[in-house]
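Observations on the three-dimensional arrangement
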Amino acid sequence: MDAVWSKNLQSFAVSDVLTGLEKQRDIAYTTVMTVVSRLYTKGLLSRERDGKRYLYSPKLTREQFLEATAREVLDGAVSDQRAMAMLAEKVSVASANDLDDLEALIRRRRQELER
Amino acid sequence: MNEAIFPLLGTAFVMLVVLPACALVAKLMLATLERDALSGPFHGLGLRYLLLTGSTVLPLAWFLSAGMHQAESGQSMLACLFDHETTARCFEPGLFVLTMLAVMLALGVQRLRRLFAGNIPRPLALADEDEVLRARLEQIIAAHPGLQLLRVRVTTAPEFSIATSGLLRPVVLVGTAFASRVPNDVLASALGHEREHVRSLDPLRYLLLELALALNPFGRALLQPHVARWYGAREAHCDRTAVVGGCAALPLAEAIVQAARPTSPHVPALGAHDAKLLELRVKLLFAFAERCPARCCRHESSAVPVAFLLLLLTLLLPHQTSTAALDALHTGSEHALAHFWR
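Next up on the list: the overall build of chain A. Scanning chain A for helices and strands turns up six helices and three strands. Starting at the N terminus and walking to the C terminus, you meet the elements of chain A as α-α-α-β-β-α-α-β-α. Pairs at least 24 apart in sequence give 25% of the contacts found in chain A among residues at least 6 apart.

Attention now moves to helix α3 (residues 29-41) of chain A. Because an α-helix completes one turn every 3.6 residues, residues spaced three or four positions apart along the sequence face the same direction. Between its first and last C-alpha, α3(A) extends 18 Å over 13 residues, near the 18 Å set by a 1.5 Å rise per residue. Positive backbone phi, at 85°, marks A:Gly43, one or two positions downstream of α3(A).

A separate point is the interface of chain A and chain B. Counting residues at the interface gives 42 residues for chain A and 63 residues for chain B. Of all the elements in the fold, those that place two or more residues in the side of chain A that touches chain B are α1 (2-6), α4 (62-68), α5 (70-74), β3 (84-86) and α6 (96-114) of chain A. A per-element tally of the side of chain A that touches chain B places α6(A) first, with nine residues. Its residues assigned to classes, the side of chain A that touches chain B shows 22 nonpolar, eight polar and twelve charged. Inspection of the sheet shows β3(A) paired to strand β2 (residues 162-165) of chain B by three bridges, in the antiparallel sense. Following the sheet pairing, A:Met84 is matched in β2(B) by B:Ser165.

Strand order in this open sheet of four strands is β3(A)-β2(B)-β3(B)-β1(B), and the pairing throughout is mixed. The strands lining the two open edges of the sheet, one partner per strand, are β3 of chain A together with β1 (152-155) of chain B. Strand-to-strand, the axes of this sheet are offset by a mean angle of 25°, without reference to chain direction. The pairing of β1(B) with strand β3 (residues 171-175) of chain B spans four bridges and is parallel. Its bridge partner lying in β3(B), B:Val154 is registered against B:Val174.

All names here are of chain A. Bridge count between strand β1 (residues 45-50) and strand β2 (residues 53-58): six bridges; the pairing is antiparallel. Pairing of Glu 48 across the sheet is with Leu 55, part of β2. Hairpin connection of β1 to β2: two residues between the antiparallel strands, including Gly 51 at a positive phi of 70°.

Moving on to the environment of B:Ala71. Residues and elements named next belong to chain B. Following the sequence through the fold, Ala 71 ends up in helix α2 (residues 45-71). You can call Ala 71 partly exposed: it has 19 C-beta atoms within 10 Å. Counting along the chain gives 24 residues from Ala 71 to Leu 95, while the straight-line C-alpha distance between them is 8.8 Å.

Now for helix α4 (residues 91-116) of chain B. Its 26 residues place the ends of α4(B) 37 Å apart at the C-alpha level, agreeing with the 38 Å of an ideal helix rising 1.5 Å per residue. Among all positions in α4(B), only B:Glu92, B:Pro93, B:Phe96, B:Val97 and B:Thr99 are buried.

Turning to the domain arrangement of chain B, a few remarks are in order. Residue and element names in this part refer to chain B. Assigned domains of chain B: these are domain 1 (2-118 + 302-341) and domain 2 (126-298). In this assembly, 29 residues from domain 1 lie in contact with 27 residues from domain 2. Mapped by element, the contributors of at least two residues to the side of domain 1 that touches domain 2 are α1 (2-35), α2, α4 and α12 (303-320). At ten residues, the largest contribution of residues to the side of domain 1 that touches domain 2 is made by α1.

Let us now look at the confidence of the model for chain B. Residues and elements named next belong to chain B. Of all residues in chain B, 84% have pLDDT values of 70 or greater, and the mean over the chain is 81. Of all secondary-structure elements in chain B, the lowest mean pLDDT belongs to helix α3 (residues 77-82), at 48, while helix α7 (residues 184-199) reaches the highest, 92. Contacts for the low-pLDDT stretch residues 76-84, under 50 throughout, to residues beyond four places or in other chains number ten contacts. Contacts of residues 265-271 to residues separated by more than four positions or lying in other chains number twelve contacts, the stretch itself having pLDDT below 50. Across the interfaces of the predicted complex, the ipTM metric reaches 0.73, alongside a pTM of 0.80.

A few words now on the nonpolar core. Counting 94 residues, the largest nonpolar core has B:Leu252, B:Ile256, B:Leu278 and B:Leu285 as the members making the most contacts within it. Excluding anything up to four places from it in sequence, B:Leu285 contacts B:Asp239, B:Ala249, B:Leu250, B:Leu252 and B:Ala253. Counting residues in each nonpolar core, the second largest holds seven residues, with A:Val4, A:Val32, A:Val36 and A:Leu45 among its members.

Turning to the packing of α2(B) against α12(B), a few remarks are in order. Residues and elements named next belong to chain B. Orientation of α2 relative to α12, taken along the N-to-C sense of each, is 25°, at an axis distance of 8 Å. For the element pair α2 / α12, the angle class is roughly parallel. At the point where α2 passes α12, the crossing takes the right-handed sense. Along its contact with α2, which presents Gly 46, Tyr 49, Leu 50, Thr 53, Gly 54, Val 57, Leu 58, Ala 61, Trp 62, Ser 65, Ala 66 and His 69, the element α12 presents Ala 303, Val 306, Ala 307, Leu 310, Leu 311, Thr 314, Leu 315, Leu 317, Pro 318 and His 319.

Below, the discussion takes up the environment of B:Leu207. Residues and elements named next belong to chain B. Looking at the secondary structure, you find Leu 207 in helix α8 (residues 202-215). Overall, the presence of 20 C-beta atoms within 10 Å leaves Leu 207 in the buried class. The sequence separation of Leu 207 and Leu 115 amounts to 92 residues, and the corresponding C-alpha distance is 8.3 Å.

Below, the discussion takes up the pairing of β2(B). All names here are of chain B. Every second residue of β2 is oriented toward a common face, with Ile 162 and Thr 164 on one face and Ala 163 and Ser 165 on the other, all of them buried. Note that β2 and β3 share four bridges and pair antiparallel. Paired with Ala 163 across the two strands is Leu 173, which belongs to β3.

About the cut-offs
- Residues numbered from 1 in each chain as written.
- Chains lettered and ligands numbered in written order.
- Predicted model: local features only at pLDDT ≥ 70, side-chain atom pairs only at ≥ 80, totals over all residues.
- Helix = DSSP H or I, 4+ residues; strand = E, 2+ residues; numbered from the N terminus.
- Contact = placed C-beta atoms within 7 Å.
- Expected span 1.5 Å × (residues − 1).
- Nonpolar A, V, L, I, M, F, W, Y, C, P; charged D, E, K, R; others polar.
- Pairing = 2+ DSSP bridges.
- Axes fitted to C-alpha atoms, helices over the stretch in contact; angles between N-to-C directions.
- Buried ≥ 20, exposed ≤ 12 C-beta atoms within 10 Å, placed from the backbone.
- Domains from an automatic or database assignment.
- pLDDT = per-residue confidence, 0-100.
- Core = buried A, V, L, I, M, F, W, Y, C linked by C-beta atoms within 7 Å.
- Parallel < 35°, antiparallel > 145°, perpendicular 65-115°, else oblique.
- Left-handed = near helix turned anticlockwise from the far one by under 90°.

Here it is as structure tokens:
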């Protein structure tokens, strides 16, 4: 879904996703086809026949998807507030690795958008 | 002994039965709102805030006001306020009000002390801080029209990143360590996020919410998951408003991650859940970078004025209508005492 959303693909075939992903890593057509089919089965994509192939469309935007899945994540929000509004609470040292991953992800996304 | 029974039993009934019952009703309504597929956990923040605070504050306000009204011999509101010659006071409702106020004060002061105990760093005026940072902040603020009304102060407090502090005239506090490790676009986006906290008087809002939870003995136990969701959604709402207001989404994502980064192993650990919340906010900002979000929750910033209006109406209600519920509580207490002594 990330590949679909970040490339803003509205109506796409499996080969369109494969083209985008092949730039990042080696990946087989059948693998992409399996994942796309599973996403369709889970209701995240809709599809219509176009000759011998299917054209898929995302049913939700990234924002709508995140909002729909946010409830459980929001349960973990700050439990003991202060008398001020902070941009973000400090996380534990153990979670610093998660922050490294997020930072790398942001850097990559910024580079993609700058291209 | 007889005169003390209504104030004591009445207060116990309000605190241990009425408030938990109201919190339970609020919980049911909040659960319905949060499960609404159309709105979801990021929407209806104003209404959810009113339910979280109002479920405690409004019943308390009604009982206090009704008690005061009865203590003033049932005169109309204007007479209560201005007729100083009304001296015939009903003793027991007055004592009930005093007992309620004492309990509220005890619970509230305890919470206030915890909230303010060393949490808010002392800001330095910009002029007292080093010239480079001062010039940098002024340059950032001047370059972004939306930030120009912000009052910004810096603090050298360790472990501090950026936050909004101050109840009626909030200021944005920027930690020098945080400011020194992020570039200008990241700092500008962080200030854009704080601008929404300032505009909505969030420190005041958070304080009222925490006080409401403290005054309800079962408030935190019943409402905590909804409060946590509201806080998380509120931060995500400020991210969205910052982007709608012209801040860049990805630098804001970077600011969030930098602000959350522990700078010392002695930082109190808040657990992996908070990292998950950060991840959600970052991914939402990715979505906002791809497609500028629509403005959301237009009435959200009116939550505080609406809350005060409702409070005022609740305070006026017993003076203009009836205080039958308090009478029932009064006679119920007397009957309970009679039953006990029989």
